[in-house]
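# Inside the fold
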Amino acid sequence: TLLTMLGIIIGIASVVSILAPSMIGAALGLGLGWRAGYLIPIVVASFALLMAWFAKLGVTDTVEDVTLAEPEDFTPGTRIPGLFERWLDLPLAISAEFAIIYWCATALTEWHNAETSIATAAGSAFLAGMALMRLGGARVLDVRPARQTVLACTSLALLGFALFWAGPALWVSILGLFLSGA
């Protein structure tokens, strides 16, 4: 069923998501540093998003444009339009989330000389932003076109990541984590 496929996709995305934290760990192990470690997954994700953008992978302008088929319309092997392209989004998004969650406390400790306990607690700002947006995000789609919403959310996340990465003070980086999560 479609729900089974989505469950499998989310499971695969979670397994794939260890790639970004592993890339960061490898960069640290090679002596390239935190910024290079964070940059590798961002470059990979940006490249994939650019390819998706240029290929126009079937993102609809509004939720109403999506036609929902009945489960009996699908038999094993039936291609669901746009499903594979949307599947690609899950590993990228979840991988970025895992990378930030795994490494943000250590990065804050090194970048801002924050105490480990403060840096660990500050990392929850990302999770708070994520929870807030997931709770309220569906309502946004009720009043705004999907493409416009995705563009706005992506811009907000990129702004947040820039603040986290380049923040001159600990509080700026924590604000960046919150905005990245949202």
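About the cut-offs
- Within any chain, residue numbers begin from 1 and follow the written order of that chain's sequence.
- With pLDDT at 70 or above as the cut-off, local features in this predicted model cover only qualifying residues; side-chain atom pairs require 80 or more to be listed or tallied, and sums for whole chains, interfaces and linings still use all residues.
- Side-chain numbers come from the whole structure's heavy atoms, not from hydrogens or water.
- Here a strand is any run of E in DSSP of at least two residues, a helix any run of H or I of at least four, and the numbering for each starts at the N terminus.
- Using a 1.4 Å probe on the protein chains alone, a residue whose accessible area is under 20% of its type maximum counts as buried, one over 50% counts as exposed, and one in between counts as partly exposed.
- Contacts between residues were defined by any pair of non-hydrogen atoms, one from each residue, lying within 4.5 Å.
- Shrake-Rupley sampling with a 1.4 Å probe provides the accessible areas, and residues are treated as covered by the protein chains on show and by no other component.
- Every helix has an expected span of 1.5 Å times one less than the residues it contains.
- Residues adjacent in sequence count toward polar contacts only when both atoms are side-chain atoms; beyond that, a polar contact is any pair of N or O atoms within 3.5 Å, and within protein one must be able to donate a hydrogen and the other to accept it.
- Aromatic pairs are defined between Phe, Tyr and Trp rings, using the six-membered ring for Trp, whenever the two ring centres lie within 6.5 Å; interplanar angles under 30 degrees are classed as stacked, those over 60 as edge-to-face, and all others as tilted.
- The predictor attaches a confidence to each residue, called pLDDT, with possible values from 0 through 100.
- An axis is simply a line fitted to the C-alpha atoms; with a helix, the fit covers only the stretch in contact. Between two such axes, the angle follows the N-to-C directions and lies from 0 to 180 degrees.
- Here roughly perpendicular refers to angles of 65 to 115 degrees, roughly parallel to angles under 35, roughly antiparallel to angles over 145, and oblique to all remaining angles.
- By convention the crossing between two helices is left-handed if the near helix lies anticlockwise of the far one by an angle smaller than a right angle, and right-handed if it lies clockwise.
- All amino acids are sorted into three groups, where Ala, Val, Leu, Ile, Met, Phe, Trp, Tyr, Cys and Pro are nonpolar, Asp, Glu, Lys and Arg are charged, and the leftover types, Gly among them, are polar.

## Thoughts on the overall build of the protein chain
Helix and strand counts for the protein chain come out as 7 helices and 0 strands. The linear arrangement of helices and strands in the protein chain, starting from the amino end, is α-α-α-α-α-α-α. Considering the protein chain as a whole, with its 182 residues, one finds that 29% of them fall into the buried category. Pairs at least 24 apart in sequence give 71% of the contacts found in the protein chain among residues at least 6 apart. Working note: accessible area of the protein chain is about 11300 Å², and carbon and sulfur atoms make up 72% of it.

## Things to note about helix H7 (residues 170–181)
In a regular helix each residue adds 1.5 Å, so 12 residues correspond to 16 Å; H7 covers 17 Å between its end C-alpha atoms and thus fits that length. Looking at H7, one finds that the buried residues are Val172, Ser173, Gly176, Leu177, Leu179, Ser180 and Gly181.

## Some details on the side chain of His112
Its location among the elements puts His112 in helix H4 (residues 83–112). A polar contact is formed between the side chain of His112 and the backbone oxygen of Gly167, at a distance of 3.5 Å. Setting aside residues up to four positions removed in sequence, His112 forms contacts with Ala107, Gly167, Pro168, Ala169, Leu170 and Ser173.

## A closer look at the packing of aromatic side chains
Two aromatic rings are characterised by how far apart their centres lie and by the angle between their planes. This structure, assessed with the given rule, holds 4 aromatic pairs. Here Trp111 and Phe164 contribute two aromatic rings whose centre-to-centre distance is 5.1 Å and whose plane-to-plane angle is 50°, an arrangement assigned as tilted. Of this pair, Trp111 sits in helix H4 while Phe164 is found in helix H6 (residues 146–166), placing the two residues 53 residues apart along the sequence. Three or more aromatic residues link up through ring pairs in this structure, and these residues are Trp111, Phe161, Phe164 and Trp165.

## Section: the environment of Gly167
Within the fold, Gly167 resides in the loop between H6 and H7. Separated by 56 residues in the primary sequence, Gly167 and Trp111 have C-alpha atoms spaced 9.2 Å apart. Excluding anything up to four places from it in sequence, Gly167 contacts His112, Ala162, Val172 and Ser173.

## Quick word on the side chain of Ser173
Counting through the fold element by element, Ser173 comes out in helix H7. Classification of Ser173 as buried rests on a relative accessible area of 0%. Not counting residues within four places of it along the chain, the set of residues in contact with Ser173 comprises Leu108, His112, Leu163, Phe164 and Gly167.

## Describing the confidence of the model for the protein chain
Per-residue confidence for the protein chain averages 76 on the pLDDT scale, and 66% of its residues sit at or above 70. Element-level mean pLDDT values for the protein chain span from 63 in helix H1 (residues 2–16) up to 95 in H7. Predicted confidence is poor over residues 57–66, with pLDDT under 50, and the contacts of this stretch with residues over four places away or in other chains come to 16 contacts.

## Brief notes about the packing of H6 against H7
Across the interface, H6 lies against H7 with an axial gap of 7 Å and an inter-helix angle of 155°. Between H6 and H7, the angle is such that the two are roughly antiparallel. The two elements H6 and H7 cross, and the hand of that crossing is left-handed. Across from Leu156, Ala157, Gly160, Phe161, Leu163 and Phe164 in H6, the residues of H7 making contact are Val172, Ser173, Leu175, Gly176, Leu177, Leu179 and Ser180. When its residues are assigned to classes, the contact of H6 with H7 shows 9 nonpolar, 4 polar and no charged.

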